[in-house]
Structures are given as C-alpha cells and as structure tokens.
Amino acid sequence: MQVFVTTVQEGSMSAASSKLGMSPAMVGQHVAALEERLGTRLLNRTTRRQSLTDFGRTYVDQCRDILERVAVADEEAEASQTNPRGQLRITAPTTFGAEALMPALGRYREIAPDVTLDVTLTDRNVDIVEEGFDIAFRIGELPDSRLIARQLAPYRMVVCASPQYLASRGMPQHPSELSNHEAVGFTPAAKSPWKLSKHDEAVEVTPRMSMSVNSGQAVRMAARTGLGVIMQPAILLTADIESGLLVRLFPDWHLRERPMWLVYHRDRRMTPRLRSVISFAIAEFAPKPDDGGYGGVE
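Residues numbered from 1 in each chain as written. Predicted model: local features only at pLDDT ≥ 70, side-chain atom pairs only at ≥ 80, totals over all residues. Heavy atoms only, no water.

**Some thoughts on a nonpolar patch on the surface**
Judged by side-chain polarity, M1, I66 and V70 come together as a nonpolar surface patch covering roughly 220 Å² of accessible area. Relative to the assigned elements, V70 resides in helix α4 (residues 54–79). Residue class for V70 comes out partly exposed when judged on its relative accessible area of 44%. (Patch = residues over 30% accessible without salt bridge, like charges linked within 9 Å, V, L, I, M, F, W, Y side chains within 5 Å. Areas by Shrake-Rupley, 256 points an atom, 1.4 Å probe, with all protein chains shown as cover. Salt bridge = Lys/Arg side-chain N within 4 Å of Asp/Glu carboxyl O. Helix = DSSP H or I, 4+ residues; strand = E, 2+ residues; numbered from the N terminus. Buried < 20%, exposed > 50% of the residue type's maximum accessible area, 1.4 Å probe, protein only.)

In structure tokens form, the structure reads like this:
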C-alpha cells in the first residue's frame, strides 16, 4: 500500500523508486502484487504516462487512511517512551536550510541521538500534509490555516558589494545612488524594488540588474567576483562580510524584514520526537534581543 500510494503521489514508478530507495522494477512488482491480490487493476500504465483506474481512485484514499492509522498506532507506541526516537521529515528554504538549519540539526542530534532526520531543502512552498512532512520552516506570509505556526526571528536582508567593485564604481553614500549601479538579483525577486528606511526617511530604488540567477549562493559568488551590488539574507553573507570579501552598504539603514515561522499540522500527534524538535527549533531560532532578526550583521 505504501508503494502504491507513493507511486500515485510522485506521479511515476521511477520517481517513487527514488523516494522509496528501491528499483523501479521492484516498485512495479509491489504494485502488480497488490493488483493481483485485489483481482483488479489500480493503474493504467503506458510507456509515457500512468493514471488511476476508477477503482484505483477510491482505493488510494482508503490506503492513505489505513497508512495514517498505522502511523498513529506507531506514534502512540512511541509516546509511551521517554526518549524521542524514529524519523522526522523536515523541509526548509534552501539558503536558510544550508546556512542555518543544518548546523543547528547537528546540535539537535546531540540531544536526540535516536532520531533520524530526512531533510528536504526547497524554495517551493510544499504542502506538508499531502507530502508527509512533520515540520516546515517558512519565510513570508502564511496562507495555510490548516497549520499551527510558531513565529521565529525575522529573516534579515543586507546590501553588499565586493571591495573590487566599489573601487571601480565608487562607494554609494545614499541608497538612492543604487539606481546608478549594476546589481545581481535573485531570480524570483530580481524585478522587485529594494526598500530601505532610516528614521522617517524611506527610499525605494531599483538597481540595474546586470544578471539574475536562481541560486542565493550563486548571487553571493557573483558579488564576490565584482559583478555588482546584491541584496541577500544576512545569514548567507555574514562570513564574507567579516572576512572582508564583501562590504556591507548602508549599515544604518533598515531593510524590510520577512517573518519566519515553524509550522506543523494541527492534527499531528505530539510524539516525543515531534515535541523535542519543535522545542529545540523555537529556542534555536528565537528572536535575538541584540538585533531583532536572524543572522544579524552589525
């Protein structure tokens, strides 16, 4: 049933094989064995695509319900134990996950050594209920009312450029001067204006984008090689600023912060492992009193 449900969820047997850690042929054998036992076909399969049969559409919902009941039974057994154990599935945005979450999870494993972690880093807003994640870190607004959300420290942005770029193009003294500078943008937000404020003064400026790229790490490397000014998360740039590879511009100005959240399904049973990771994440990524945001570069 798990193989069948995963095949439907992933859209193909080859995709399900990667998810389940088995060969596509073995996935096909599981589905075929289930169909043989039921005496009816669940999937219409061709060389190009697969689709559920009429019975398959009904049966997959029943399978999901049965598998959820099995998971609940396992969680109730786990809840009777003191120490957190079992698998946790976590999803987080790519940059935050690589730069902040991964080091933190190393510390979490020290206090919960019997918990195994399955982490997916993606900037896609995944459906944690449908895709089977225990918790998710989210940056920005939260439209999904099905989830419980715990607010973490806001996500801070900073503006930087390399010393080489500033030596050749000059150091901007006011954010309005950015309109005369080349910039490297993160593709999803490359066309959005940069908004900075200081006391009662607010500036909205759109630098000339010499390049846009869909990777925060690539934007960072482009800035280091002198391709232009960038606006990226502080957690991604802190080490380069401290080492002198990048120079922070307008440190007295405030850039719009984005709220950050820890979310989980409101109907999810609070097992020891889930309770432990929620408590750890809230403590680890709580607002910092010194800067009010995560990854604060002073």
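**Some thoughts on the packing of aromatic side chains**
Considering all chains together, one arrives at seven aromatic pairs under this definition. Aromatic side chains F96 and Y155 sit 6.4 Å apart centroid to centroid with 70° between the ring planes, which places their arrangement in the edge-to-face category. Placement of the pair is F96 in helix α5 (residues 94–111) and Y155 in strand β6 (residues 147–155), with a sequence separation of 59 residues. A relative accessible area of 0% means that F96 is categorised as buried. A centroid spacing of 5.7 Å and a plane angle of 85° characterise the contact between F137 and F285, whose relative ring orientation is edge-to-face. In this pair, F137 is assigned in strand β5 (residues 135–139) and F285 in the segment after α9 (272–284), connecting sequence segments 148 residues apart. When its relative accessible area of 4% is taken as the criterion, F137 is described as buried. By relative accessible area, which is 1% here, F285 ends up buried. Three or more aromatic residues link up through ring pairs in this structure, and these residues are F96, F137, Y155 and F285. It is R89 that lies over the ring of F133; its NZ or CZ is 4.1 Å from the centre. (Phe/Tyr/Trp six-rings, centres within 6.5 Å; stacked < 30°, edge-to-face > 60°. Lys NZ or Arg CZ within 6 Å of the ring centre and 35° of its normal.)

**Brief notes about the pattern of salt bridges**
When charged atoms on two side chains of opposite charge get close, those side chains can pair. Applying the stated criterion across every chain yields a total of eleven salt bridges. Put simply, R124 and E131 hold a salt bridge, and the shortest N to O gap is 3.0 Å. Exposure remark for E131: the relative accessible area of 22% places this residue in the partly exposed category. Look at the salt bridges and you will find they share partners, linking R220, R224 and D240 into a network.

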